[in-house]
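# Geometric and topological summary
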Amino acid sequence: MMGPSHALSGAAAWLAGSWALDQFANVSQTPLEVAVGTAICAGGALLPDLDLSGKVTRNQGGATVARTFGVASLFVAEVVEKFSLGVYTATKLSRDPRRDNGHRTFTHTLPFCALIGWGTTALADRYGYWAVIGIVFFMGGLALRGLFDEWAERAGWVIVTLCSALIAWFTAANLPSDRGYPLLGLAVGVGCFVHILGDMITKNGVPIMWPIPVKRRMWMMVGIPNSMAVKVGGKVEVVVLRTAFTVIALLSIAGLFVPSLLERFNLDVWAGGPR
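In this text the structure is predicted, and so the values were computed from the model without any measurement.

What counts and what doesn't
- Residues numbered from 1 in each chain as written.
- Predicted model: local features only at pLDDT ≥ 70, side-chain atom pairs only at ≥ 80, totals over all residues.
- Heavy atoms only, no water.
- Helix = DSSP H or I, 4+ residues; strand = E, 2+ residues; numbered from the N terminus.
- Rg over C-alpha atoms; globule rule 2.2 N^0.38 Å.
- Buried < 20%, exposed > 50% of the residue type's maximum accessible area, 1.4 Å probe, protein only.
- Contact = heavy atoms within 4.5 Å.
- Core = buried A, V, L, I, M, F, W, Y, C linked by side-chain atoms within 4.5 Å.
- UniProt positions renumbered as here; feature names shortened; annotations may be inferred.
- Salt bridge = Lys/Arg side-chain N within 4 Å of Asp/Glu carboxyl O.
- Phe/Tyr/Trp six-rings, centres within 6.5 Å; stacked < 30°, edge-to-face > 60°.
- Patch = residues over 30% accessible without salt bridge, like charges linked within 9 Å, V, L, I, M, F, W, Y side chains within 5 Å.
- Areas by Shrake-Rupley, 256 points an atom, 1.4 Å probe, with all protein chains shown as cover.

All right, on to the overall build of the protein chain then. Looking only at helices and strands, the protein chain features 9 helices and 2 strands. Walking the protein chain from its N terminus toward its C terminus, one meets helices and strands in the order α-α-β-β-α-α-α-α-α-α-α. Computed over its C-alpha atoms, the radius of gyration of the protein chain comes to 20 Å, within 12% of the 19 Å expected for a compact globule of 275 residues. Classification of the 275 residues of the protein chain by burial places 43% in the buried group. For the protein chain, the share of sequence-separated contacts (at least 6 apart) that also reach a separation of at least 24 residues comes to 70%.

Take a look at the structure:
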């Protein structure tokens, strides 16, 4: 799927999960915590496509996520793509085809989701509050690039970077500094996993079974039949799926906050009524 669809699916997944935790596990979050988690998950849903690099010296090409911070993120994408290709080459079996790029390889596996989620949690736990702010800056930038793709394309990477810094500053000013926020790692991992699910319904599939060998292949691409696959950038993705993700997100927001607002409104009305 395209970047905006991935980001929107990550946001919808986190909001729906937050609603479910609130309803069935009594895990409540402040509006700011929900917003930060949603942004992190939306950014995480773009992260696997860092294995699709562009032209670093020209600041062109690559996946949506690779263009977030201009040449800097394109360079990171180039490194990730080469690393992913190296993992593919080092672990492929006799029936795995030869490849000259690393797109849809290591970063599109379950071990990557687990590793990046654990790494985010460990980073926040080890370095605390300021690591959290750094994570918010980076993942918030990815979320902006994905959720507001057309605006970000027009505005350019400098504006996106400044907006990411503003989000990080606002978070720093309002989140308590004595917590490690372990849910951030979960948000990143969930976002990556949702990305994989999204790519599974497109034509090429993903190597979700890696590193389990299947029929002398380590990198078996798994997905739905081509006759049922969603065309990347087609009407099903852009109209149907994005509409569904938007509806899920809005209903989840309503479920999270409308009851408390109504309760507060009723209490205010009662408190101001006649005595």
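Once the structure has been displayed, the description carries forward.
Membership of the largest hydrophobic core comes to 42 residues, with the highest contact counts inside it found for I40, L47, M139, L142 and W219. Of all elements in the fold, only α1 (3-24), α2 (31-44), α3 (71-91), α4 (110-127), α5 (129-147) and α8 (183-200) reach the threshold of two or more residues within this core. Grouped together as the second largest cluster of nonpolar side chains are 10 residues, L8, A12, V230 and A249 included.

According to UniProt, the "transmembrane region" (unreviewed entry) feature falls on residues 127-148, 155-175, 181-198 and 240-262. Taken end to end, residues 127-148 is 91% helix and 0% strand, and its first and last C-alpha atoms sit 31 Å apart.

Per the stated rule, a full pass over the model turns up 8 salt bridges. R242 is the partner of E237 in a salt bridge, and the nearest nitrogen-oxygen pair spans 3.9 Å. Note on E237: relative accessible area 0%, which makes it buried. Each of R67, R145, D149 and E153 takes part in salt bridges that share partners, so that together they form one network.

Going through the model one piece at a time under the given rule, you end up with 8 aromatic pairs. For the ring pair F83 and F106, a centre distance of 5.9 Å and an interplane angle of 75 degrees mean the geometry is edge-to-face. With F83 in helix α3 and F106 in the loop between α3 and α4, the pair connects residues that are 23 residues apart, well separated along the chain. When its relative accessible area of 10% is taken as the criterion, F106 is described as buried. Ring geometry for F106 versus W210: centroids 5.7 Å apart, planes at 85 degrees, classification edge-to-face. Of this pair, F106 sits in the loop between α3 and α4 while W210 sits in the loop between α8 and α9 (235-271), and the two are 104 residues apart along the sequence. The burial state of F106 is the same as that of W210; both residues are buried.

This part takes up a nonpolar patch on the surface. There is a patch of nonpolar side chains on the surface, built from L147, F148, W151, W157, V158, I159 and L162 and spanning about 630 Å² of accessible area. If you tally residues by element for the nonpolar patch, the top one is helix α7 (residues 157-174), at 4 residues. Along the chain, I159 turns up in helix α7.

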